[in-house]
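Here's the letter readout for the chains.
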Amino acid sequence: MATRNILKYGDPALKKISRTVLNFDERLAQTLDDMRDTMYEAEGCGLAAPQIGVLRRYCIIDVGDGIIELVNPVIIEKEGVQYESEGCLSVPGNYKTTKRPMKVKVRAQDRHGNKIIVEGEGLKARALCHEIDHLDGILFLDRAIKEQ
Ligand code: NI
């Protein structure tokens, strides 16, 4: 078990665009393992590599049906819309209502470089969108709708 420090709001790394993963090596596997431990310890349902200061395009989610690792994820389909309260391990204690698609389909790779397709609806769609946003330096605060 190895946990990493989660960068907090204001850290410039959270605003950067991450780079594509080209090497599916032991270092990637180790970092994914550490991210899993870090996410579970923090009781989050998702974590993206830039949140631990690694500016590479990968993230993990677990919305209750097991861990999913997504390397170089791209949203290829979106459907519907949802408005729900959202938070982030990098912005502790802050929750905002965001606008997200109700369903998404994501193309990605696993830790070995194999192509995978992940579909999500509701919370899972939101988690996928939230974590993929992190890879482009976008925080949920940027997606928050103005509340009356
Ligand atoms: Ni987040």
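Everything numeric here is computed off the predicted structure, so don't read it as measured data.

A. Main features of the overall build of the protein. A count of helical and extended segments in the protein gives two helices and seven strands. Written out in order from the N terminus, the α and β elements of the protein read α-β-β-β-β-β-β-β-α. Expected size for 148 residues packed as a compact globule is a radius of gyration near 15 Å; at 14 Å, the protein falls within 12% of this value. Over its C-alpha atoms, taken along the principal directions, the protein stretches across nearly 50 × 30 × 25 Å. Per-residue burial for the protein yields a buried fraction of 45% across its 148 residues. Across the protein, every contact between residues at least 6 apart in sequence was considered, and the portion connecting residues at least 24 apart equals 65%. Counting every atom, the protein has about 7,900 Å² of accessible surface; 46% of that belongs to carbon and sulfur. Side chains of the protein carry 22 positive and 23 negative charges; the gap between the two charge centres is 7 Å.

B. How the structure looks around the side chain of Asp110. With respect to the helices, strands and loops of the structure, Asp110 is situated in the loop between strand S6 (103-109) and strand S7 (115-121). Among buried Asp, Glu, Lys and Arg side chains, Asp110 stands out as unpaired, with Arg111 the closest opposite charge at 7.5 Å. The residues touching Asp110, leaving out its near neighbours within four places in the chain, are Phe24, Val71 and Ile116.

C. The arrangement of the layout of surface pockets in detail. In this structure, the largest pocket spans a volume of roughly 340 Å³. Taken together, 20 residues line the largest pocket, and the ones lying closest to its centre are Cys45, Glu86, Gly87, Cys88 and Leu89. When contributions to the lining of the largest pocket are tallied by element, the ones reaching two or more residues are strand S4 (82-86) and helix H2 (123-134). Looking at the lining of the largest pocket element by element, the count peaks at six residues for H2. Split into classes, the residues belonging to the lining of the largest pocket amount to eight nonpolar, eight polar and four charged. For the lining of the second largest pocket, the element with the highest residue contribution is helix H1 (residues 26-42), accounting for three residues. For the lining of the second largest pocket, the class distribution of residues is five nonpolar, three polar and four charged.

D. Just the environment of His130, in detail. Inspection of the secondary structure puts His130 in helix H2. Classification of His130 by relative accessible area gives buried; the value is 5%. Discounting chain neighbours no more than four positions away, the residues touching His130 are Glu86, Gly87, Cys88, Arg100 and Phe140.

E. Molecular detail of the coordination of the nickel ion. Protein ligation of the nickel ion involves Cys88 (SG), His130 (NE2) and His134 (NE2), the donor distances falling in the range 2.0 to 2.3 Å. Read in sequence order, the donor residues coordinating the nickel ion give the pattern C-x41-H-x3-H. One end of the pair, Cys88, is in the loop between S4 and strand S5 (96-100); the other, His134, is in helix H2, and 46 residues separate them in sequence. Both residues of the pair, Cys88 and His134, belong to the buried class.

What counts and how
Residues numbered from 1 in each chain as written. Predicted model: local features only at pLDDT ≥ 70, side-chain atom pairs only at ≥ 80, totals over all residues. Heavy atoms only, no water. Helix = DSSP H or I, 4+ residues; strand = E, 2+ residues; numbered from the N terminus. Rg over C-alpha atoms; globule rule 2.2 N^0.38 Å. Buried < 20%, exposed > 50% of the residue type's maximum accessible area, 1.4 Å probe, protein only. Contact = heavy atoms within 4.5 Å. Areas by Shrake-Rupley, 256 points an atom, 1.4 Å probe, with all protein chains shown as cover. Lys, Arg positive; Asp, Glu negative; His and termini not counted. Charge placed at Lys NZ, Arg CZ, Asp CG, Glu CD. Salt bridge = Lys/Arg side-chain N within 4 Å of Asp/Glu carboxyl O. 1 Å grid on protein atoms, 1.4 Å probe; cavity = no way out; pocket = protein on both sides within 12 Å on 5 of 7 lines; lining within 4 Å. Points joined across faces, edges and corners; volume = space filled by probe spheres on them. Nonpolar A, V, L, I, M, F, W, Y, C, P; charged D, E, K, R; others polar. Donors = N, O, S within 2.8 Å, 3.2 Å for Na, K, Ca; no water.

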